[in-house]
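Examination of the molecular architecture
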Amino acid sequence: MDEIRILIVDDHALFRQGVRKMLEMEEDFLVVGEASTGKDAFDQAMALMPDVVLMDIKMPDIDGVEVTRNLCRDMPHVKILFCTMYEDDEFVFAGLKAGGRGYIVKESNTETMVRAIRAVANGEVLLSPGVAEKVLRLFSNAMEGSSLGIKLPYDHLTERELEVLTLIGKGNNNRQIACHLSISEKTVKNHISNIFSKLHICDRTQAVIYAIRNGLVKI
C-alpha cells in the first residue's frame, strides 16, 4: 500500500497531538508535520510536499479557506481535507469552492477520519453526512426545476459523459469508473477532461456538487 504523507493544520496543540497519535497507528500514514497558523501551513506544505493536508477553517492569521486557495494554485497535486468544528453553510461552501476535496467535522470518529484521508488521497471526494445534506438542500431549487422540464445545463453532454459525471458524483475514482463502464482509464480521463471543459468546472469536488445540484446523484 502506498504511503500517504499528511500535514496536520490546527491552532490547538492538543487536537494536533491527538490526531497525530491516531493517524500514526495506520501503517500507510506518515505525518510529516504540524502547523498552527495559516502561513506556517502554506510554508510547511511547500517544504514537506504532503499528499493530504488536514485543514482547520479558522486560524489566528490566514484562514483555512485562503490557505487552501493558495495551495490549490501553487501545489495542485496536494489534496485538502477540511476537519473543523464549523458546519455552517458559509464555511462549508467556501471551503469546497476554494478547492477542498473533503469536509468532515471534528466530532467524527477515527474510522471516518481515516476513510476520508484515504479517499481524498485517492482523488475521491468525501463529505460528512451533515455537510452532504447541506449541499443537497442548497441546490434543491435547481433539482425541482429539472423535474418541471426546464432545460438542464448538462443536456449538451454525450450519453457517455453523463454516465461518467454521475459516477464521479457517487464518489467513484477513475479505475472504478473504467471497470463499471468497461473502458480504459485513459478513456475515462478524456471524458472527464471534456466534462470539465463543457461545464466550466475545474476539479472533482465541483463535479460532485454539480451532479448533486442537477439531480444526477441523490444523497
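Residues numbered from 1 in each chain as written. Predicted model: local features only at pLDDT ≥ 70, side-chain atom pairs only at ≥ 80, totals over all residues. Heavy atoms only, no water.

1. Re the nonpolar core
Residues Val-9, Val-53, Met-55, Leu-71 and Tyr-103 are the most contacted members of the largest nonpolar core, which totals 45 residues. One finds Ile-6, Leu-54, Leu-81 and Ile-104 within the second-largest nonpolar core, a separate group that totals 20 residues. (Core = buried A, V, L, I, M, F, W, Y, C linked by side-chain atoms within 4.5 Å. Buried < 20%, exposed > 50% of the residue type's maximum accessible area, 1.4 Å probe, protein only.)

2. Thoughts on the packing of aromatic side chains
Under the criterion given, the structure shown has 2 aromatic pairs. Consider the rings of Phe-82 and Tyr-103, whose centres lie 5.7 Å apart with planes at 35°: the pair is tilted. Here Phe-82, found in strand E4 (residues 79–84), pairs with Tyr-103, found in strand E5 (residues 102–105); they are 21 residues apart in sequence, far enough to count as distant. Since its relative accessible area comes to 0%, Phe-82 is described here as buried. (Phe/Tyr/Trp six-rings, centres within 6.5 Å; stacked < 30°, edge-to-face > 60°. Helix = DSSP H or I, 4+ residues; strand = E, 2+ residues; numbered from the N terminus.)

3. A look at the pattern of salt bridges
Here the structure, examined in full by the defined rule, presents 13 salt bridges. Here Glu-26 makes a salt bridge to Arg-118, at a shortest N to O gap of 2.9 Å. In this pair, Glu-26 sits in the loop between helix H1 (13–23) and strand E2 (29–35) while Arg-118 sits in helix H5 (residues 110–121), placing the two residues 92 residues apart along the sequence. Under the relative-accessibility criterion, Glu-26 is labelled partly exposed at 22%. Classification of Arg-118 by relative accessible area gives partly exposed; the value is 31%. (Salt bridge = Lys/Arg side-chain N within 4 Å of Asp/Glu carboxyl O.)

4. Notes on the confidence of the model for the protein
Counting all residues, the mean pLDDT for the protein is 84, and 87% of those residues have values of 70 or more. In this model, residues 145–152 is a region of pLDDT below 50 whose contacts with residues beyond four sequence positions or in other chains number 4 contacts. (pLDDT = per-residue confidence, 0-100. Contact = heavy atoms within 4.5 Å.)

5. Looking at the packing of helix H8 (residues 159–169) against helix H9 (residues 174–181)
Packing of H8 against H9 leaves a shortest axis separation of 10 Å and a crossing angle of 130°. As far as their axial angle goes, H9 and H8 are oblique. With respect to the hand of their crossing, H8 and H9 are arranged in right-handed fashion. Contacts from Arg-160, Glu-163, Val-164, Leu-167 and Ile-168 of H8 reach H9 at Ile-177, His-180 and Leu-181. The residue makeup of the contact of H8 with H9, split by class, is 5 nonpolar, 1 polar and 2 charged. (Axes fitted to C-alpha atoms, helices over the stretch in contact; angles between N-to-C directions. Parallel < 35°, antiparallel > 145°, perpendicular 65-115°, else oblique. Left-handed = near helix turned anticlockwise from the far one by under 90°. Nonpolar A, V, L, I, M, F, W, Y, C, P; charged D, E, K, R; others polar.)

6. A few points about H5
With 12 residues, H5 ought to run about 16 Å at 1.5 Å a step, and its terminal C-alpha atoms sit 17 Å apart, in line with that. One or two residues past the end of H5 sits Gly-123, with phi positive at roughly 85°. (Expected span 1.5 Å × (residues − 1).)

7. Section: the sheet that holds strand E3 (residues 52–55)
Here 6 strands make up an open sheet; going across it, the order is E2-E1-E3-E4-E5-E6 and the pairing parallel. The two strands at the open ends of the sheet, each matched to only one other strand, are E2 and strand E6 (126–127). In this structure, E5 lies alongside E6, joined through 2 bridges in parallel fashion. Looking at the pairing, Tyr-103 lines up with Leu-127 of E6. H1 contacts strand E1 (4–9), E2, E3 and E4 of the sheet and is inclined by roughly 170° relative to E2. Along the sheet, helix H2 (residues 38–48) contacts E1 and E2; its crossing angle with E2, the most-contacted strand, is approximately 140°. (Pairing = 2+ DSSP bridges.)

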